Amino acid sequence: MFLQQLINGITIGSTYALVAIGYSMVFGVLELINFANGSVYMLGGYLTLMLYTGLVGSFGLSFGLGLLLTALVGYTIDRFGLRRLREKKVPKIAGLITTLGFSQIIENAVRIFFGSETKPYPNMLDFGQVTFGNVTITSSQVIILMISILLMLLTSVTVYRTKMGKAMLAVSQSQEASQLMGINVNGIISLTFMISSILAAIAGTLVGMYYQNIDASMGASVGMKALASAVLGGVGVLPGAMVGGVLMGIFETLGASYISSGYRDAISFAILIIVILFKPSGLFGRKQINKV
Amino acid sequence: MRKQKHRVVAMILAMILLAGCGVSGDETTAPAGSTGEAASAEGTGEITKYTLAASVPLTGNMMQYGTSYKNAIEMAVADFNAAGGLNGQDVKFEVYDDKGDQKEGINVANMIISNEDVFAVIGSYGSSVSMAAAPVYQEGAVPMLSPNTSHPDYPGMGSMMVPLACKSEVIFGSIAEMLYEQFGACNMAVIYQNTDVGITTLEAVQERFESLGGTICAAETFVPNQTKDFTPLLSKIKGTNPDILFIVAEYSDGASIVLQSKQLGMEDVQLVGVGNVFKQEFLDLAGTNADGMLLMGIARIYTDEVMANNDFGEYTADIVERYNATYAADGGVEFDNFAALAYDGAMLAMHAAAEVGTDNPEVLAEEIRKMDIPLCAGDAWFDANGDLQREVFTFTVENGEFVYLPEE
């Protein structure tokens, strides 16, 4: 049973990791927690489903369109919400509240347009399951894990190996200095929001397919857990967010199975608190962070 | 000059009126203002209030249930008014949104009791909200008919509380007994939502099933509407080799549990669901994965297929047909047990008001408890202990459709 639980935990943990990367990236460049990220995760799953059932009919195409639209929403959050605040040099807390506002707008807009009831989701990843003794692994679990690892590698390469990624790192160190060096700071920030939204949307779609249903409130709890994963790994550090996410999934699953199912969330957050007590910057964190 | 004359006339009239009241009060013990209705010993039979209120969730996670309630009560009020209303005067219906939240439920309750024209209230969805608001209605002396509050402590919270759903221990005790009769002394695992109703259900099932000789091999809990990943709980349950998996959940969580149990290879476990999963949406989510599952509860299913193949009586069939024509025509939720209970609740309150008047809430609540009008949600009665009893219906799922299994 331990092995089964571990596989369950890693699968769900890898989707937390995708959302956690978004928190970490935005925090890296803006020193701001984007609370709308959880809602964007939900929105991504919804848009794919709605395009698929309502308009397009081809899952691949609607998935692509869904990602594009979600990226647009991510861009909107920054362009029409946060950039104005940056220009006016408003305290960071206002930006934080703005992202909370966006998360409410997205969630309730989805409820108004698509209804609040849980919707069935087609599972495109279902190619059967394999059983070894007591352990059952489904194709969905394998594919989710593979896609997540691939995306994590891709994001790491983008951030640490490309010119664009270097610009992001530069902006995260000093916006003024980056601007002086000819980096389009606003452009980089928008890009960061779009990448984090796309990752969240992919995670939302994968989770929708995995559980074969989706509802408007699914973003809230995942958002909290992904944020906790990012903090656990060290906010602003990409490998930290990834490891943090997977660990969070494993803690939660093992906690639920070996300690008490009623306290599963409490257990994972308690472990988070213990880690933070002994290593305030998170498992992989290096620099001291001034949190908003 | 003219104005003064009017005033004098008005004053004289008022004096006559007051005197008249005084006289009848002093000289006779007969109820004042009797309208010829059969008045009981304590009540005067006078109808002074004409508003039926409802506290239901119209926004938030639970809004689909609240909408069913609202539609059904609206229809019941219209039907009642069409049949003459309260002494020829129409009953008004006022609906308040409590968002399925305890704090909001209390706010709404205070608003409702401060409205002098309200004679009874229907609400709310779920035991948690109803029980938070119950003391306010008791204090304000407004009879509260609660369509699906099954918590055992609810009826004891005051004379104003009229449950329309059985106490969990009554209903789940009999369901546990029916399961024991069908499957014998086997291993049963329970997965239940961490709410008042979930916990009391577990206790009731466990107590009866174990006292009969069965074994509860696992009992796992989750947070409703938040938990999406049931695999840790189900893997743990799978390790205990259950024969029956008893699911206590709302329809969306219930569907997730069914799907994920199949993904974990729990094919040979008999799934049993209760009450709240009796919804078409459950089948939309679970599909053929729910085939063979047993659904037991005091709630029936009213889908077109089930209605076509089973006879639930003319009264019920007529209500279902009219409800669906009005509210489900353009994409609305079809008639379900929530609607049935809310319809019955509204009808009970209004008929009782017509029978004994609205000026004495105690008498009114007592009259409602007699339940002597036709009910569309199935037989219901208060037994000698004062507990509500209802008939238990068993359904199964075949090829993704609900099928009624009448008792032999």
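Residues numbered from 1 in each chain as written. Chains lettered and ligands numbered in written order. Predicted model: local features only at pLDDT ≥ 70, side-chain atom pairs only at ≥ 80, totals over all residues. Heavy atoms only, no water.

(A) Fine view of the packing of helix 5 (residues 139-161) of chain A against helix 6 (residues 163-173) of chain A. All names here are of chain A. Relative to each other, helix 5 and helix 6 sit at 70 degrees, their axes nearing to 5 Å. Considering their axes alone, helix 5 and helix 6 lie roughly perpendicular with respect to each other. Of helix 6, the residues touching helix 5 (which contributes Thr 158, Val 159, Tyr 160 and Arg 161) are Lys 163, Met 164, Gly 165, Lys 166, Met 168 and Leu 169. Broken down by class, the residue content of the contact of helix 5 with helix 6 amounts to five nonpolar, two polar and three charged. (Axes fitted to C-alpha atoms, helices over the stretch in contact; angles between N-to-C directions. Helix = DSSP H or I, 4+ residues; strand = E, 2+ residues; numbered from the N terminus. Parallel < 35°, antiparallel > 145°, perpendicular 65-115°, else oblique. Contact = heavy atoms within 4.5 Å. Nonpolar A, V, L, I, M, F, W, Y, C, P; charged D, E, K, R; others polar.)

(B) Broad picture of the sheet that holds strand 5 (residues 161-163) of chain B. All names here are of chain B. Spatially, five strands are ordered 2-1-3-4-5 in an open sheet, and the strand pairing comes out parallel. The open sheet terminates on both sides in strands that have one partner only, identified here as strand 2 (92-97) and strand 5. The average angle at which neighbouring strand axes cross in this sheet is 20 degrees, direction not considered. Bridging between strand 4 (residues 144-146) and strand 5 involves three bridges; their strand directions are parallel. In the sheet register, Met 144 faces strand 5, and the bridge partner there is Met 161. Across the sheet, helix 12 (residues 337-356) is in contact with strand 1 (51-56), strand 3 (118-123) and strand 4; its angle to strand 3 comes to roughly 165 degrees. (Pairing = 2+ DSSP bridges.)

(C) Looking closely at the interface of chain B and chain A. Contacts between the two partners involve 29 residues from chain B and, on the opposite side, 31 residues from chain A. In this assembly, chain B packs against chain A so that about 2,600 Å² is buried in total across both faces, 47% of it on carbon and sulfur atoms. Inspection of the region where chain B meets chain A yields one salt bridge. Of the charged contacts, one joins Lys 228 of chain B and Asp 215 of chain A as a salt bridge, the two residues approaching to 2.8 Å between their closest N and O atoms. Taken together, chain B and chain A are joined by 17 residue pairs in polar contact (both at pLDDT 80 or more). Among the elements of the structure, helix 2 (63-82), strand 7 (215-222), helix 7 (231-238), helix 8 (251-263) and helix 9 (280-286) of chain B are those that each provide at least two residues to the side of chain B that touches chain A. Class assignment of the residues belonging to the side of chain B that touches chain A gives a composition of seven nonpolar, 15 polar and seven charged. (Buried area = accessible area lost by both parts, 1.4 Å probe. Salt bridge = Lys/Arg side-chain N within 4 Å of Asp/Glu carboxyl O. Polar contact = N/O pair within 3.5 Å; in protein donor to acceptor, adjacent residues only side chain to side chain.)

(D) Looking closely at the packing of aromatic side chains. Evaluation of the coordinates by the stated rule reveals 19 aromatic pairs over all chains. With centroids separated by 4.8 Å and ring planes inclined at 65 degrees, the aromatic side chains of Tyr 65 of chain B and Phe 338 of chain B adopt a geometry described as edge-to-face. Remark: Phe 338 of chain B occurs in helix 12 and Tyr 65 of chain B occurs in helix 2; sequence separation between them is 273 residues. When its relative accessible area of 6% is taken as the criterion, Phe 338 of chain B is described as buried. Ring centres of Phe 393 of chain B and Tyr 404 of chain B lie 6.3 Å apart, and the angle between their planes is 55 degrees; on these two criteria the pair is classed as tilted. Here Phe 393 of chain B is found in strand 13 (residues 393-398), whereas its partner Tyr 404 of chain B is found in strand 14 (residues 401-405), with 11 residues between them in sequence. Classification of Phe 393 of chain B as buried rests on a relative accessible area of 2%. One aromatic cluster is present, formed by Tyr 302, Phe 312, Tyr 323, Tyr 327, Phe 335, Phe 393, Phe 395 and Tyr 404 of chain B through successive ring pairs. Sitting above the plane of the Phe 80 of chain A ring, Arg 79 of chain A keeps its charged end 5.5 Å from the centroid. The cationic tip of Arg 300 of chain B hangs over the ring face of Phe 312 of chain B; the distance from NZ or CZ to the ring centre is 4.3 Å. (Phe/Tyr/Trp six-rings, centres within 6.5 Å; stacked < 30°, edge-to-face > 60°. Buried < 20%, exposed > 50% of the residue type's maximum accessible area, 1.4 Å probe, protein only. Lys NZ or Arg CZ within 6 Å of the ring centre and 35° of its normal.)

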